[in-house]
Amino acid sequence: RVLLLEHLWLVVGGLGVLLAFQALCFYFRSSLFAQIGQFVVADLRERLFKAIISREIAFFDQTRPSDLVSRLNSDVQMLQDAVSVKLSVFLRYSLQVIAGLVLMLMISVQLTIAILLGLPIIVGLSLILGKRLRSVSRAQQTELGILAAISEEVFALIRMVKAAGNEASEVGRLADSNRKVAGFGLKRAALAAFFSSFVNFLMCLFLLAIFAYGIILVTKGQLSNGDFTAFTLYGAIVAVSFAFVAGGYAEFVQALGASDRVFELLESESNIRLQAAPAKFSSLSDAGPLAIAFEGVHFNYENRPSNPVLSNLSFSMAPGSFTALVGPSGAGKSTVVNLVLGFYQSYQGLIKLGGIDYRELDLREVRARIAYVPQEPVLFNISIRENLCYGLPNAASLEELRLVCSKLNIINFVDSLPDGFNTLAGERGLQLSGGQRQRLMIARALLRKPKLLVLDEATSALDSENEGLVKQALRELLPNATRLVITHRLSTIRSASSILVLNKGSLVQQGDHNSLLATDGLYKRLVETQEFID
């Protein structure tokens, strides 16, 4: 009895050590795959963001921002779950299946070969069902992107929604999309459940047939009872492990459906970069202001191929000149600005900057020399200081910030804020008035000290006094910069050295205010019909 107790404690102690070792291995396995998942997905998310942000503007014209956010967040998160959890489970039980089959092979070659002959059927059905499951998973992620787009649009335009009393309609619109998401989710769950259970059923069916064949071998004396018992035990382990493998594979395939939406962006961005990048960029001169020339430019947007926006447009702007771009709505004024900024490359004709074909220039170098103030000023949800220094190679000093803001009559407003220049601007700067946002955007442009300044209705929210201060600041701080201005302010148009009059994408008149007013043409009619604000 004493000897039995000694052996018992030895066995219990040995089992305890094995359990502790198993727990330690489980910890390292889980920790390792979790870390791999975090590192892989963090790198993938950065690469995806870089791929998205480097695309041309035409891509963003046709893609919902919320769909891109959905790919960056939920799709990538599904991949993280697949790598850190599902892949770990899949590999663990796959090893158990392989180990079990090896042990079974050592006991009976005949029975093991019989099992292996049935595996191609199981694998083939798994691939077919997995492909279908992957397709449904991708469809659900796409619909989730649409749902996110609806939500983002409603929240961004909440004032318009409430002013129109349209809350119920928007709830219904989201509910329709949500039902589609749920429908795909239910379909995906049903397919996944059928996949796992059916594949496991087939495996167990094969094992049952092998069990019957094993009994026949035992009765014929070709297999001992002990070997048959051990073979059956290993078969049960293989069956259970295979069930986990099938389930893990089903979940992994669903994650691959999300990965399709991620990798298609990464691959297409890479192809665009390889096709579009010149072998060697030409360099712009830093000597002075930039000249601009359009020579026979034709352009239409990709989503409207049959509607030309610019037709055979030709004009030139001398270095240091002040050019106003005017015309009725839809004349192509903003499109000219978009092309000057290099937002679109699919035009015909020539656009030259500093005498060099735009297609031979590095867009980063071009944009480093341009300051742009859009019609709708938008600030980032960062501090006023960070907004003013946005895009600058070196942050401006406090003295420079105060000087520019003083010139634009906004320093008193900044000083009145709780943290001055360190105060957060708020989401898209909506807590500030339109005039305050415009002056901050103009201040940012002045701090860039550009060779070319592009203003698209940049003073539309300012009164005449503040607009006069802006003009004075531009003359004092950027006396030599080339200026291209879209405006309806007659006072600004009058002071331009050259006025380009566009209509339906073509240049119909060019000259200064007095010469154009003396000619019976579109410009005179625009002035007489008070299209311009005096």
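What counts and how
Residues numbered from 1 in each chain as written. Predicted model: local features only at pLDDT ≥ 70, side-chain atom pairs only at ≥ 80, totals over all residues. Heavy atoms only, no water. Phe/Tyr/Trp six-rings, centres within 6.5 Å; stacked < 30°, edge-to-face > 60°. Helix = DSSP H or I, 4+ residues; strand = E, 2+ residues; numbered from the N terminus. Buried < 20%, exposed > 50% of the residue type's maximum accessible area, 1.4 Å probe, protein only. Lys NZ or Arg CZ within 6 Å of the ring centre and 35° of its normal. Salt bridge = Lys/Arg side-chain N within 4 Å of Asp/Glu carboxyl O. Expected span 1.5 Å × (residues − 1). Bend = angle between axes of the 7 residues up to and from the residue. Polar contact = N/O pair within 3.5 Å; in protein donor to acceptor, adjacent residues only side chain to side chain. Pairing = 2+ DSSP bridges. Domains from an automatic or database assignment.

Digging into the packing of aromatic side chains
Line of reasoning, step 1. Per the counting criterion, the structure on display carries 8 aromatic pairs.
Line of reasoning, step 2. Plain terms: the ring middles of Phe294 and Phe315 are 4.7 Å apart, the flat faces sit at 15° to each other, and that makes the pair stacked. Residue Phe294 is located in strand E1 (residues 292–299), and its partner Phe315 is located in strand E2 (residues 310–317); the two are separated by 21 residues in the primary sequence. Like Phe315, Phe294 is buried.
Line of reasoning, step 3. Feature note: the residues Phe299, Tyr301 and Tyr344 constitute an aromatic cluster, connected by ring pairs.
Line of reasoning, step 4. Over the ring of Phe59 we find Arg55, and its NZ or CZ is 4.2 Å from the ring centre.
Line of reasoning, step 5. The residue whose ring lies beneath Arg483 is Phe322, and the NZ or CZ to ring-centre distance is 4.4 Å.

Considering the pattern of salt bridges
Line of reasoning, step 1. The full count for this structure, using the stated rule, is 9 salt bridges.
Line of reasoning, step 2. Notably, a salt bridge pairs Asp176 with Arg179, separated by 2.2 Å at the nearest N-O pair. One end of the pair, Asp176, and the other, Arg179, are both in helix H6 (residues 167–219), 3 residues apart, so they sit about a helical turn from each other.
Line of reasoning, step 3. With a relative accessible area of 40%, Asp176 lands in the partly exposed category.

Details of the environment of Met203
Line of reasoning, step 1. By secondary structure assignment, the location of Met203 is in helix H6.
Line of reasoning, step 2. In sequence terms Met203 and Arg92 are 111 residues apart; their C-alpha atoms lie 18 Å from each other.

Let's talk about the environment of Glu528
Line of reasoning, step 1. Its place among the elements puts Glu528 in helix H17 (residues 522–528).
Line of reasoning, step 2. The exposure class of Glu528 is exposed, given its relative accessible area of 55%.
Line of reasoning, step 3. For the pair Glu528 and Leu392, spaced 136 residues apart in sequence, the C-alpha separation works out to 42 Å.

A look at helix H4 (residues 109–156)
Line of reasoning, step 1. Along its 48 residues, H4 runs 68 Å from first to last C-alpha, staying within 8% of the 70 Å computed at 1.5 Å per residue.
Line of reasoning, step 2. The largest bend along H4 reaches roughly 25° and is located at Gly118, with the proline Pro120 sitting one to four residues downstream.
Line of reasoning, step 3. Looking at where H4 begins, the residue whose side-chain oxygen comes 3.3 Å from the main-chain nitrogen of Leu111 is Ser108.

Points about the pairing of E1
Line of reasoning, step 1. Buried residues dominate E1, accounting for 6 of its 8 residues.
Line of reasoning, step 2. Pairing of E1 with E2 involves 5 bridges; the strand directions are antiparallel. Bridge assignment links Ile292 to a residue of E2, and that residue is Met317.
Line of reasoning, step 3. Of the pairings in the sheet, the one linking E1 to strand E4 (residues 348–353) comprises 5 bridges and is antiparallel in character. When the bridges of E4 are listed, Glu295 appears paired with Leu350.

Re the domain arrangement of the chain
Line of reasoning, step 1. When its domains are assigned, the chain resolves into domain 1 (109–222) and domain 2 (321–331 + 369–532).
Line of reasoning, step 2. Computed over C-alpha atoms only, the centres of domain 1 and domain 2 are separated by 55 Å.

Re the environment of Arg437
Line of reasoning, step 1. Topologically, Arg437 is positioned in helix H13 (residues 434–448).
Line of reasoning, step 2. Residue classification places Arg437 among the buried residues on the basis of a relative accessible area of 14%.
Line of reasoning, step 3. A C-alpha to C-alpha distance of 33 Å links Arg437 and Leu516, two positions 79 residues apart in sequence.
Line of reasoning, step 4. Polar side-chain contacts of Arg437 include one of 2.7 Å to the backbone oxygen of Leu432.

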